[in-house]
Amino acid sequence: MNRTYTIRELTKEFSVTARTLRHYEDEGLIAPARRGQARIYNNRDHARVTLILRGRRVGFSLAEIREILDLYDRGDGGTKQNVHARAKFAERIDALERQKKDIEDSLVELHRAVGLMDDHLGKAPRLAAEQFA
């Protein structure tokens, strides 16, 4: 099915601004056809916006997303794209796991500090909080 989409339809569906879609176009990530001043997006553009937003949600840069999309365009059936994407995903998982550990360590330290402050304040954190409100 060769469905087309307007910029308004895509902004509503993906909850992004028209400016975001134009930026992706400027970056060469999508290439809508033009009818006068109107942009007409096809199924390929729709799929690419889906992939771009997924990539952004997990922390990929637009350059990294472009690498993955460009490999798909080379037409090897997606094998190179999948190998490259898998490597990028594994790198991102490692980075997120490190961030998760850092956050967990920070939470432990902050909870410990709050406990020490509560002890120092005579176990009256509510009273102390009210004094500073």
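Residues numbered from 1 in each chain as written. Predicted model: local features only at pLDDT ≥ 70, side-chain atom pairs only at ≥ 80, totals over all residues. Heavy atoms only, no water.

**With respect to the pairing of strand β3 (residues 38-41)**
The line we're drawing: For two strands to be treated as a pair, DSSP must find no fewer than two bridges joining them. Helix numbers and strand numbers start at the N terminus; a helix is a DSSP run of H or I with at least 4 residues, a strand a run of E with at least 2.
When strand β1 (residues 5-6) meets β3, the two strands line up antiparallel, connected through two bridges. What sits directly across from Tyr 5, in β3, is Tyr 41. Of the strand pairs in this sheet, strand β2 (residues 33-35) and β3 are connected by three bridges, and their pairing is antiparallel. Paired with Arg 35 across the two strands is Ala 38, which belongs to β3. The turn linking β2 back onto β3 is made up of two residues, and Gly 36 within it adopts a positive phi angle of 70°.

**So, the packing of helix α4 (residues 62-73) against helix α5 (residues 79-120)**
Test applied: Fitting a line to C-alpha atoms yields each axis, with helices limited to the stretch in contact; the angle taken between N-to-C directions then spans 0 to 180 degrees. Angular relationships are summarised with four words: roughly parallel below 35 degrees, roughly antiparallel beyond 145, roughly perpendicular across 65 to 115, and oblique for the angles in between. Handedness of a crossing follows from how the near helix is turned relative to the far one, being left-handed for an anticlockwise turn of less than a right angle and right-handed for a clockwise one. Contact criterion: two residues are considered in contact whenever any of their non-hydrogen atoms come within 4.5 Å of each other.
Running from amino to carboxyl end, α4 crosses α5 at an angle of 160°, the nearest separation of the two axes being 8 Å. Judged by the inter-axis angle, α4 sits roughly antiparallel to α5. Considering the relative orientation of α4 and α5, their crossing is left-handed. In this structure, α4 uses Glu 64, Glu 67, Ile 68, Leu 69, Leu 71 and Tyr 72 to contact α5, whose residues at the interface are Lys 80, Gln 81, His 84, Ala 85, Lys 88 and Phe 89.

**Some thoughts on the nonpolar core**
Put simply, the test is: In this text, buried Ala, Val, Leu, Ile, Met, Phe, Trp, Tyr and Cys residues form a nonpolar core when linked through side-chain atoms within 4.5 Å. Categorising residues by exposure relies on relative accessible area from a 1.4 Å probe, with only protein chains included: less than 20% of the type maximum marks a residue as buried, more than 50% marks it as exposed, and the intermediate range marks it as partly exposed.
If you look at the biggest cluster of nonpolar residues, it comprises 16 residues, and the most contacted ones within it are Leu 21, Tyr 24 and Ile 52. Only α1 (7-14), α2 (18-26), α3 (43-57) and α4 provide two or more residues apiece to this core. When residues no more than four places from it in sequence are discounted, the contact partners of Leu 21 are Ile 7, Leu 10, Thr 11, Val 16, Ile 30, Tyr 41 and Val 49.

**Some thoughts on the pattern of salt bridges**
As a reminder, the rule being used: Note on definitions: salt bridges are taken to be side-chain nitrogens of Lys or Arg within 4 Å of carboxyl oxygens of Asp or Glu.
Tallied over the entire structure, the rule returns eight salt bridges. Between Glu 25 and Arg 34 there is a salt bridge, and its shortest N-O distance comes to 3.2 Å. Exposure remark for Arg 34: the relative accessible area of 45% places this residue in the partly exposed category. For the salt bridge of Lys 101 with Asp 105, the shortest nitrogen-to-oxygen distance reads 2.9 Å. Taken as a pair, Lys 101 and Asp 105 lie in helix α5 at a separation of four residues, close to a single helical turn.

**A word on the packing of aromatic side chains**
Here is the rule: Here a Phe, Tyr or Trp ring, Trp counted by its six-membered ring, pairs with any other such ring whose centre lies within 6.5 Å, and the pair is stacked when the planes are under 30 degrees apart, edge-to-face when over 60, and tilted otherwise.
Counting across every chain of the model gives one aromatic pair. Measuring from centroid to centroid gives 5.6 Å for Phe 60 and Phe 89, while their planes differ by 40°, and the two rings are tilted. Note that Phe 60 is positioned in the loop between α3 and α4 and Phe 89 in helix α5, a separation of 29 residues in sequence.

**Here we look at the environment of Leu 71**
Inspection of the secondary structure puts Leu 71 in helix α4. As a C-alpha pair, Leu 71 and Val 83 span 12 residues in sequence and 9.9 Å in three-dimensional space.

**Focus: α1**
Heads up, the rule is: In this context, the arc is that of the directions from the helix axis out to the C-beta atoms.
Within α1, the full set of buried residues consists of Leu 10, Thr 11 and Phe 14. Projected down its long axis, α1 carries its buried residues within an arc of 100°, all on one side. Opposite the packed face of α1, turned more than 90 degrees from it, sit the exposed residues Arg 8 and Lys 12. Among the structural elements, β1, α2, β3 and α3 are those in contact with the buried residues of α1. Looking one or two residues beyond α1, the residue adopting positive phi is Ser 15, at roughly 55°.

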